[in-house]
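Topology and contacts: notes
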Amino acid sequence: KVYGSVDPVFTFTNNAGLESGDFTGALGRAAGETVDTYAYTLGDLSAGVNYQLQLAAEPGTFEITPKQLTISAPSITKSKVYDGNTTAAVTAGTLSGVEAGDVGNVEVSAAANYDTATVGTDKTITVVYTLSGSASGNYIKPVNDTAADGIITAQVVTITPDASQSKVYGSVDPVFTFTNNAGLESGDFTG
């Protein structure tokens, strides 16, 4: 079953040729409701006093699988200023599908990844979701969202010439030095 849903009625076969109407009660399983596998038990299954029931040597296991979560209204910002990274901030949106007992124990975060870090248009942006919290192992993270036509605009860099530069009349201009507000190194500049 999927995490959070009700157990199905366990079906079975038997080696005595008995029909389903010959049995009362039902098979059971080991206790637990988190994602895992659980051993079957005879529960209160009976075929009357003429039959002694036992489980097969390898009865298999019952599995609880993770529940898929969904996100509604993610906030994907389609433009950012160049910063040399492919990542950008994104608001995850509203998480849906968390079981009532797990509220507060499952959180989602999101990161937007541009396909390239260079300035330009028509970027593909993929929003990748990550689950955290003590109950997050019972869930499958939301499916990644993709947006087209992302834009990376050029970063504005302010150049401040060094104020102490000078030359003596008739000499050659020095190489002008400067600082910048973006923390770029001298090797990042040409010209």
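All residue numbers here refer to positions counted from 1 along the written sequence of the relevant chain. The predicted origin of the model limits local features to residues at a pLDDT of at least 70 and limits the giving and counting of side-chain atom pairs to 80 or more, whereas totals for whole chains, interfaces and linings rest on all residues. Values shown for side chains rest on all heavy atoms present in the structure; no hydrogens or waters enter the calculation.

A short note on the sheet that holds strand S12 (residues 145-153)
The strand order across the open sheet built from five strands is S6-S12-S10-S9-S7, with neighbouring strands paired in mixed fashion. Edge positions in the sheet fall to strand S6 (79-81) and strand S7 (87-88), since each has one partner strand and no second. Sheet topology places S7 next to strand S9 (residues 107-114); two bridges connect them, and they run antiparallel. Note that in S9 the partner of Thr-87 across the bridge is Asn-113. At least two DSSP bridges between two strands are needed for those strands to be called paired. Numbering of helices and strands runs from the N terminus; a helix is a DSSP stretch of H or I covering at least four residues, while a strand is a stretch of E covering at least two.

With respect to the environment of Val-103
Structurally, the position occupied by Val-103 is in the loop between strand S8 (94-96) and S9. Measuring from C-alpha to C-alpha, the distance between Val-103 and Gly-133 comes to 9.8 Å, with 30 residues separating the pair along the chain.

Section: the nonpolar core
Take the buried Ala, Val, Leu, Ile, Met, Phe, Trp, Tyr and Cys residues and link them wherever side-chain atoms come within 4.5 Å; each set so joined is a nonpolar core. Three exposure classes are used, based on accessible area relative to the maximum for each residue type with a 1.4 Å probe and protein chains only: buried under 20%, partly exposed in between, and exposed over 50%. Counting 27 residues, the largest nonpolar core has Val-106, Val-108, Ala-112, Tyr-129, Leu-131 and Tyr-139 as its most contacted members. Secondary structure elements with two or more residues in this core: strand S3 (61-64), S9, strand S10 (120-132) and S12. Among the elements that line this core, the one with the most residues is S10, at four residues. Not counting residues within four places of it along the chain, the set of residues in contact with Tyr-129 comprises Ile-71, Pro-74, Ala-92, Val-108, Ser-109, Ala-110, Lys-141, Pro-142, Val-143, Asn-144 and Asp-145. Residue contacts follow a heavy-atom distance rule, with two residues in contact if any of their heavy atoms lie within 4.5 Å.

Brief notes about the environment of Thr-77
Among the structural elements, Thr-77 can be located in the loop between strand S5 (70-72) and S6. Between the C-alpha atom of Thr-77 and that of Gln-52, which follows or precedes it by 25 residues, the distance is 66 Å. Contact partners of Thr-77, with chain neighbours within four places excluded, come to Tyr-114 and Ile-125.

With respect to the sheet that holds S3
Spatially, S1-S2-S3 is the arrangement adopted by the three strands of the open sheet, whose pairing is antiparallel. Two strands close off the open sheet at either side, each with one partner strand: strand S1 (28-29) and S3. Pairing geometry for S1 and strand S2 (residues 36-41), over two bridges, is antiparallel. Paired with Gly-28 across the bridge in S2 is Thr-41.

Some remarks on the side chain of Lys-123
One can find Lys-123 in strand S10. Buried charge without a partner: Lys-123 forms no salt bridge, and the closest opposite charge is Asp-115, 5.1 Å away. Residue contacts for Lys-123: discarding those within four places in its chain leaves Tyr-114, Asp-115, Thr-116, Thr-118, Ala-147, Ala-148, Asp-149, Gly-150, Ile-151 and Ile-152. Residues scored as positive are Lys and Arg, those scored as negative are Asp and Glu, and His as well as the terminal groups of each chain are ignored. Note on definitions: salt bridges are taken to be side-chain nitrogens of Lys or Arg within 4 Å of carboxyl oxygens of Asp or Glu.

Description of the packing of aromatic side chains
Geometry of aromatic contacts follows a simple scheme: Phe, Tyr and Trp rings, the Trp one being its six-membered ring, pair when their centres are within 6.5 Å, and the pair is stacked under 30 degrees between planes, edge-to-face over 60, tilted otherwise. Applying the stated criterion across every chain yields a total of six aromatic pairs. Between Phe-10 and Tyr-40, the ring centres sit 5.4 Å apart and the planes meet at 85°, which makes this aromatic pair edge-to-face. Of this pair, Phe-10 sits in the segment before S1 while Tyr-40 sits in strand S2, and the two are 30 residues apart along the sequence. Accessibility expressed as a relative area gives 13% for Phe-10, which makes it buried. Take Tyr-40: its relative accessible area is 23%, and that puts it in the partly exposed class. Aromatic rings pair up to connect Phe-10, Tyr-40 and Phe-62 into one cluster. Just above the ring of Tyr-38 sits the side chain of Arg-29; from NZ or CZ to the centre is 4.9 Å. Any Lys NZ or Arg CZ that is within 6 Å of a ring centre and within 35 degrees of that ring's normal is treated as a charge sitting over the ring.

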